[in-house]
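Analysis of the macromolecular model
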Amino acid sequence: MRILVVEDERKIAEFVRRGLKEEGYSVDVAYDGEQGYQLAHLNDYDLIILDLMLPKIDGLTLCRQLRQEKMNIPILILTVRDSVKDKVTGLDAGANDYLTKPFAFEELLARCRALLRTYGEAEPTKLKVADLEFDLLSHRVTRSGREIYLTLKESSLLEYLMRQAGKVVTRTMIAEHVWDINFDSFTNVIDVYINRLRQKIDRGFDRPLIHTIRGRGYMLRE
């Protein structure tokens, strides 16, 4: 899942970005409304977390513009404005949820999960391909009952491959969904992580699950 955070207070933006990345999300940050507008059109996001008091384009205007352009990305407003009138205005502008600062990160995370469940595809709690299972709640990965220990980035990559099981995924698709906007697409980092997954997922088993599709990308399949 890829999230855009539009927040001009850099401490808050970094706090939210770091916390979401620790949960396995890919996160981009915009520090003003104009940059947020550009990124929202440039990349495919599953959720936008939006401050209201932004330079260049304020949050309400940005929210209205995105809705007028028929962009149906879920929007969570995160702001110090806490009056009932402000909340009503924000929701009427097209936001899907409204959370005031200061906030508990656990609540922000729960609201993000709720929006992703409600406005995205039905969110499974477990992914399964052949004898490979990924419990998304406990982050536990097993194959034929044997537990496999993965790093956070390896887990994110495996989750994306399992969600796209049976489909070819290109390096560009992986970069967009597993890494963030600062990723250097000219490195071989993706190949390195694919090889690491192969060592952990396929080594010691008769049937490999991760396949290279020559000239196109990768596929996870039985």
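So, here's what we can say about the structure. Not measured: the values here are computed from a predicted model. (Residues numbered from 1 in each chain as written. Predicted model: local features only at pLDDT ≥ 70, side-chain atom pairs only at ≥ 80, totals over all residues. Heavy atoms only, no water.)

Turning next to the sheet that holds strand β3 (residues 47-50). Working definition: the strands of a sheet are paired by backbone hydrogen bonds and lie parallel or antiparallel to each other. Pairing within the open sheet is parallel, and its five strands lie in the order β2-β1-β3-β4-β5. The two strands at the open ends of the sheet, each matched to only one other strand, are β2 (26-30) and β5 (97-100). Neighbour-to-neighbour, the strand axes of the sheet open up by a mean angle of 20 degrees, direction not taken into account. In the sheet, strand β4 (residues 75-79) pairs with β5 via four bridges, with the strands oriented parallel. (Pairing = 2+ DSSP bridges. Helix = DSSP H or I, 4+ residues; strand = E, 2+ residues; numbered from the N terminus. Axes fitted to C-alpha atoms, helices over the stretch in contact; angles between N-to-C directions.)

Moving on to the pattern of salt bridges. A complete count under the given rule lists 15 salt bridges for this structure. For Lys56, the salt bridge goes to Asp32, with nearest N and O atoms at 3.9 Å. In this pair, Lys56 sits in the loop between β3 and α3 (59-68) while Asp32 sits in the loop between β2 and α2 (33-42), placing the two residues 24 residues apart along the sequence. One connected set of salt bridges, linked through shared partners, spans Glu7, Glu9, Asp51 and Lys101. (Salt bridge = Lys/Arg side-chain N within 4 Å of Asp/Glu carboxyl O.)

Attention shifts here to α2. Within the sequence span of α2, burial applies to Gly33, Gly36, Leu39 and Ala40. When α2 is viewed along its axis, its buried side chains cluster within an angular range of 120 degrees and face the same direction. Residues of α2 that are buried make contact with β1 (2-6), β2, β3 and α3. Here α2 starts with a cap whose side-chain oxygen sits 3.0 Å from the backbone nitrogen of Glu34, and that cap is Asp32. (Buried < 20%, exposed > 50% of the residue type's maximum accessible area, 1.4 Å probe, protein only. Arc of directions from axis to C-beta. Contact = heavy atoms within 4.5 Å. Polar contact = N/O pair within 3.5 Å; in protein donor to acceptor, adjacent residues only side chain to side chain.)

Ordered by their spatial adjacency, four strands build an open sheet running β6-β7-β8-β9, and the pairing between neighbours is antiparallel. One side of each edge strand has no neighbouring strand; the edge strands of this open sheet are β6 (126-129) and β9 (146-148). Each strand axis lies, on average, 25 degrees off the axis of its neighbour in the sheet, ignoring direction. Relative to strand β8 (residues 140-143), strand β7 (residues 132-135) is paired through four bridges, and the arrangement is antiparallel. Opposite Asp135, over in β8, you have Arg140 as the bridge partner. Here helix α6 (residues 152-163) sits on the sheet and contacts β6, β7 and β8; the angle it forms with β7, its principal contact strand, is near 115 degrees.

Residues Leu158, Ile174, Ile201 and Leu220 are the most contacted members of the largest nonpolar core, which totals 28 residues. The set of elements that each furnish at least two residues to this core consists of β6, β7, α6, α7 (171-178), α8 (189-201) and β11 (217-220). For Ile174, the residues in contact, after removing those within four places along its chain, are Leu157, Tyr160, Val169, Trp179, Ile190 and Tyr218. In this structure, Tyr45, Met71, Ile73 and Ile75 belong to the second largest nonpolar core, which totals 22 residues. (Core = buried A, V, L, I, M, F, W, Y, C linked by side-chain atoms within 4.5 Å.)

With their axes 10 Å apart at the nearest point, α6 and α8 run at an angle of 85 degrees to one another. Here α6 lies roughly perpendicular to α8, going by the angle between them. Contacts from Lys153, Glu154, Leu157, Leu158 and Leu161 in α6 reach Tyr193, Ile194, Arg196, Leu197, Lys200 and Ile201 in α8. Of the residues that constitute the contact of α6 with α8, the class distribution is seven nonpolar, no polar and four charged. (Parallel < 35°, antiparallel > 145°, perpendicular 65-115°, else oblique. Nonpolar A, V, L, I, M, F, W, Y, C, P; charged D, E, K, R; others polar.)

Orientation of α2 relative to α3, taken along the N-to-C sense of each, is 25 degrees, at an axis distance of 10 Å. Our classification of the angle between α2 and α3 gives roughly parallel. Remark: the crossing between α2 and α3 carries right-handed chirality. Contacts between α2 and α3 involve Gly33, Tyr37, Ala40 and His41 from the former and Leu62, Gln65 and Leu66 from the latter. Residues that form the contact of α2 with α3 fall into these classes: four nonpolar, three polar and no charged. (Left-handed = near helix turned anticlockwise from the far one by under 90°.)

In short, geometric facts, not functional conclusions.
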